[in-house]
Amino acid sequence: MSPQTPYRDQFAAARDNPTEFWREAARAIRWSREPQQILDDSRVPFYHWYPDGELNTADNCLDRHVDAGRGDVTALIHDSPVTDSQQRYTYAELRDAVAKFAGVIRNQGVEKGDRVIIYMPMIPEAVIAMLACARIGAVHSVVFGGFAGAELAKRIDDATPKLVLSASCGIEPSRVVEYKPLLDRGLELAEHKVERCVIFQRDTQRCELISGRDIDWNDALAEAEPVDCVPVAATDPLYILYTSGTTGKPKGVVRDNGGHAVAMHYSMRAVYGLDQDDVFWTASDVGWVVGHSYIVYAPLLLGCTSVMYEGKPVGTPDAGAFFRVIAEHKVDVFFTAPTAFRAVKKVDPNGELAKQYDVSNLRALFLAGEHTDPDTAIWAGEKLDVPVIDHWWQTETAWPMSANPLGIENLDVPLGSAGRPIPGYDTHVLGPDGEEVPNGEMGDICVKLPLPPGCFPNLWQNDERYKSSYLEDFPGYYRSGDAGYFDADGNLWVMSRVDDIINVAGHRLSTGMIEEVIAAHPDVAEAAVVGAADADKGQLPVAMVVLKSSATRAADEIVAELIANVREQIGPVAAFKHAAIVDRLPKTRSGKVVRATLRQIADGKEWTTPATIDDPAILTEIEDQLSNIGYGNKRAD
Ligand code: COA
Ligand code: AMP
């Protein structure tokens, strides 16, 4: 039998007696009604944690610390090289700002359970808006600023918000992004009509407000009174966060209040090895789950100082930015996506800029969002002189499913692996027959139900999609959508997606959503998009487009329009820049495009003709056509 270790003990305790494990973890949270029941499993496959508990998430993030005499501790540091400014909020100041802004939302008729869309750049007001919703039990849905109006409209129609909160602009290194035209477009395209928007005017660029609909943020604040926390059921939704599925319609991942608060708090200590008063910096965006969990909720639940960074790894002003922020704010633990470090390494391969800063306070670097390539891990580890931890998770789970859990035990995890399953995630690699595959063999990475607290209890008003997308393929398990394997020591290796989701600079995108925009062009008959390997961004979308026989214009012209359409309708974040016009798409006899083979061809890898393909000659044609735009065997680099 294997010797017991702290990690093995905790993992076994969570697996074998989950109710006791999560009862104990729940003691870290302030409940207005302590949960007596820990897990409701009466409606399998739907599980609910702490069904009779009652709490308020914002109370736990802010008021609880102020009440404990920690009101003067810094809760949030906004570090913004793009506006050359820094702003700090203590726990007491942030609590007061949130209570006041909750009054603004309330004045707009928003009550417990109502939805509020937040479409904002990386400014403290975005955090205040999220926590203000939580304070009155409203359900926020943050939409990433890199998405354009049409994507915003899809989310408005699904979440049917009473109110939208936005700002005049965001700031990218190369340009000011005007939010207002994107917001107006989203509101115009949406079928659900939103009557009120509260807009924060930034000094960099103000915007015109539409009379009768838009309200200036500061004017609204001047009329508002602070509001107290409203207790909500642990199972009530805290937020909805949309993520890419395999179709163009995003999935509304729901987060509850109770399980989320417990899991966030637990993960801060167990996974990241953090303690109250530590400084945690997550360089991501509040529009992604990483931002929700580790810029906003988890650090505040534990009583840490959270750094919110409005800038990029390079160009704001240079590739020393990460090191500057770590040194200046004495960051204890840093979390970002590998692509961000690849960007730094590319510009400053010898780390000359890094040498200018004292980063000795740092204890660890965590990377997620995509597989960490060993080169990047080694480079970052050397420059920061800390352990680099690749950990794996998803929007659906809100917190890591696998990692080297530093707070429990520093395990011996080989480079390239995403670590061991975190206590609470009873993880198995299954074959197509649903049986566990032997160590070393690839399969579907699945988690035995129930998922631990914090993970999504359902999709917003769509139980059927929840079941069909995640639970039906392997009954009794959650199917992650990632493929990988366990090695003989129990380390998990996450290798690829099993579906048509691609990962572009740590952003999760569906090829289906890009295909929909391309196929809507009047000259296009059909299109297939695959994610081709890219040294900087991990993957980039590449389209193969078949034109209608009626198309008469030059291919270049059409391709330029397709690129512009994707940018306008999905957003710049899709980073769609390459399309090849092809004569036909290779399909199986049942009509499915052979995407895996197309991906291999685009990557210039060895490929074999799938046995089920209708007409094998198409593949060599496609190889030639892709080489014309720089992909495949004849790729220039
Ligand atoms: N608002 C508007 N536009 C945005 C935006 C935002 N919030 N974020 C990105 N964009 C734009 C960029 O300006 C760029 O536009 P361009 O085509 O005009 O150059 C485009 O979207 C693509 O952006 P991106 O792929 O993100 O590249 P980048 O050079 O701007 O940034 C990184 C590179 C590495 C900093 C960035 O991709 C990043 O932070 N990735 C990590 C993502 C992440 O946190 N994932 C969660 C898991 S940790
Ligand atoms: P998102 O929901 O946007 O956080 O994206 C989640 C997806 O990103 C996962 O399903 C994986 O495909 C990928 N991912 C996240 N972290 C890792 C990791 N450490 N290694 C490999 N893939 C990862």
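Below: a short report on this structure. Not measured: the values here are computed from a predicted model.

**A few points about the sheet that holds strand β17 (residues 279-282)**
If you walk across this open sheet you meet the seven strands as β6-β5-β18-β17-β19-β20-β21, and the pairing is mixed. Of all strands in the sheet, those bounded by a partner on one side alone are β6 (85-90) and β21 (388-390). In this sheet, neighbouring strand axes are inclined to one another by 20° on average, regardless of whether the strands run parallel or antiparallel. Both β17 and strand β18 (residues 305-309) contribute to a ladder of three bridges, which runs parallel.

**A short note on the site of ligand 1**
Within the structure, ligand 1 sits among 24 residues, and Glu 172, Arg 175, Lys 312, Lys 537 and Arg 567 are positioned closest to it. Residue Ala 505 places a main-chain N or O atom 3.1 Å away from a nitrogen atom belonging to ligand 1. Contact with the protein chains covers 81% of the free accessible surface of ligand 1, which is 940 Å². For the shell around ligand 1, the secondary structure elements donating two or more residues are β11 (175-178) and α12 (338-347). Of the residues in the shell around ligand 1, the class split is 10 nonpolar, seven polar and seven charged. A domain split of the shell around ligand 1 shows at least three residues from each of domain 1 (7-311 + 391-484) and domain 2 (505-627).

**Re the packing of helix α3 (residues 57-70) against helix α5 (residues 124-136)**
Two elements in contact, α3 and α5, have axes whose closest approach is 7 Å; the angle formed by their N-to-C orientations is 115°. Two packed elements cross with a definite hand, and for α3 against α5 that hand is left-handed. On α5, the residues touching Ala 58, Cys 61, Leu 62 and Asp 63 of α3 are Leu 131, Ala 134 and Arg 135. Taken together, the residues that form the contact of α3 with α5 break down as five nonpolar, no polar and two charged.

Conventions we followed
- Residues numbered from 1 in each chain as written.
- Chains lettered and ligands numbered in written order.
- Predicted model: local features only at pLDDT ≥ 70, side-chain atom pairs only at ≥ 80, totals over all residues.
- Heavy atoms only, no water.
- Pairing = 2+ DSSP bridges.
- Helix = DSSP H or I, 4+ residues; strand = E, 2+ residues; numbered from the N terminus.
- Axes fitted to C-alpha atoms, helices over the stretch in contact; angles between N-to-C directions.
- Near = heavy atom within 4 Å.
- Polar contact = N/O pair within 3.5 Å; in protein donor to acceptor, adjacent residues only side chain to side chain.
- Areas by Shrake-Rupley, 256 points an atom, 1.4 Å probe, with all protein chains shown as cover.
- Nonpolar A, V, L, I, M, F, W, Y, C, P; charged D, E, K, R; others polar.
- Domains from an automatic or database assignment.
- Left-handed = near helix turned anticlockwise from the far one by under 90°.
- Contact = heavy atoms within 4.5 Å.

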